[in-house]
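Observations on the model geometry
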Amino acid sequence: MSIELPKVHPALAVRYDGNVSKADNRDSSASERTVITQRKLPVQQENAIGRDAYLVVIYGEDLGRRIALGENAIEAGRSTNCGIPVDQESVSRHHARIWWTGSGYKVKDLGSTNGTYVNDALITEVDLNDGDQIKIGRTILKFMYGGNIEASYHEEIYRMMTFDGLTQIYNKRYFHETLEREISRSRRYNRELGLVLFDIDHFKQKNDTFGHLAGDSILKDLSGVVRAKLGVTQ
């Protein structure tokens, strides 16, 4: 009789033998025997053990959505057949593909009209590293890879509550919270408080003429200039 023990790591096969027959070429005097044998897994399955990976939408529709990645390829695009549907005019029907190579994940542009970007660089095909940001149309997805995926996910959710995914600067919610705190502090200590406001001239015209992708680029570049002038590193 052979009994498979439950909850055994897939790399180990444990078998319990009782009433061993003479045909087993073993000592038939032993009434019970436990045999542990090593079972070799395919290389791809071995590498995949404990290697979780997700994409998190940090800018665009479905903000905060988490997309689990596996060994099967997944495509992003405007087509309803895509595992990552992105319904935007600037996105091609089959825009980009992400897949497991056996040792890591890759992303490939599928000949899209407006291109696929990883960390603001236009790519054809590239390896993905933990923390990489993939831009497809106006949507930005963050690639998270490795052990404590839950902690990383919740950390990113908290970050999205205070940071804008496109410009990587503090958002309106953080501004109001900080402004209220600083006004209270100014009154308490009788200190002066300064506030600088500025506008982008003819920004709507740029959006209407060149499209929202161009408008996004203007906002991101301007934010980078302001951060550099203020000496902000994050």
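I will try to describe carefully the structure that is included in this document. (Residues numbered from 1 in each chain as written. Predicted model: local features only at pLDDT ≥ 70, side-chain atom pairs only at ≥ 80, totals over all residues. Heavy atoms only, no water.)

**A few points about the sheet that holds strand β10 (residues 116–118)**
In any sheet, the strands associate via hydrogen bonds between backbone groups, in a parallel or an antiparallel arrangement. An order of β5-β4-β14-β13-β10-β11 is seen for the 6 strands of this open sheet, with the pairing classed as antiparallel. Where the open sheet ends on each side, the last strands, each with one partner, are β5 (66–69) and β11 (121–123). This sheet shows a mean twist of 30 degrees between the axes of neighbouring strands, independent of strand direction. In this structure, strand β4 (residues 53–59) lies alongside strand β14 (residues 139–145), joined through 6 bridges in antiparallel fashion. Within β14, the residue paired with leucine 55 across the bridge is phenylalanine 143. (Pairing = 2+ DSSP bridges. Helix = DSSP H or I, 4+ residues; strand = E, 2+ residues; numbered from the N terminus. Axes fitted to C-alpha atoms, helices over the stretch in contact; angles between N-to-C directions.)

**Describing the pattern of salt bridges**
When the charged atoms of two side chains with opposite charge come close together, those side chains can pair. Counted according to the given criterion, the structure contains 7 salt bridges. Across the pair lysine 220 and aspartate 120 runs a salt bridge whose closest N-O atoms are separated by 2.5 Å. With lysine 220 in helix α5 (residues 212–230) and aspartate 120 in the loop between β10 and β11, this pair connects stretches of sequence that are 100 residues apart. With a shortest N-O distance of 2.8 Å, lysine 204 and aspartate 208 are connected by a salt bridge. One end of the pair, lysine 204, and the other, aspartate 208, are both in helix α4 (residues 203–210), 4 residues apart, so they sit about a helical turn from each other. Aspartate 208 sits in the exposed class, given a relative accessible area of 55%. The network of salt bridges with shared partners includes Lys106, Glu125 and Asp127. (Salt bridge = Lys/Arg side-chain N within 4 Å of Asp/Glu carboxyl O. Buried < 20%, exposed > 50% of the residue type's maximum accessible area, 1.4 Å probe, protein only.)

**Topic: the nonpolar core**
Counting residues in hydrophobic clusters, the biggest one holds 23 residues, and the most contacted among them are Leu55, Leu69, Ile84, Ile98, Tyr105 and Phe143. Those residues within four positions of leucine 55 in sequence are excluded, and the remaining contacts are Arg65, Arg66, Ile67, Leu69, Ile84, Ile98, Ile134, Leu141, Lys142 and Phe143. Formed by 8 residues, the second largest nonpolar core is a distinct cluster that contains Val56, Met144, Tyr153 and Leu166. (Core = buried A, V, L, I, M, F, W, Y, C linked by side-chain atoms within 4.5 Å. Contact = heavy atoms within 4.5 Å.)

**Observations regarding the pairing of strand β6 (residues 74–77)**
Alternating residues of β6 divide into Ile74 and Ala76 and Glu75 and Gly77, and every residue in both groups is buried. Strand direction decides the pairing type here: β6 and strand β8 (residues 96–100), joined by 3 bridges, are antiparallel. Residue pairing across strands places alanine 76 opposite alanine 96, the latter belonging to β8. One ladder, built from 2 bridges, connects β6 with strand β7 (residues 84–85); its direction is parallel. Counted as the bridge partner of alanine 76 is isoleucine 84 from β7.

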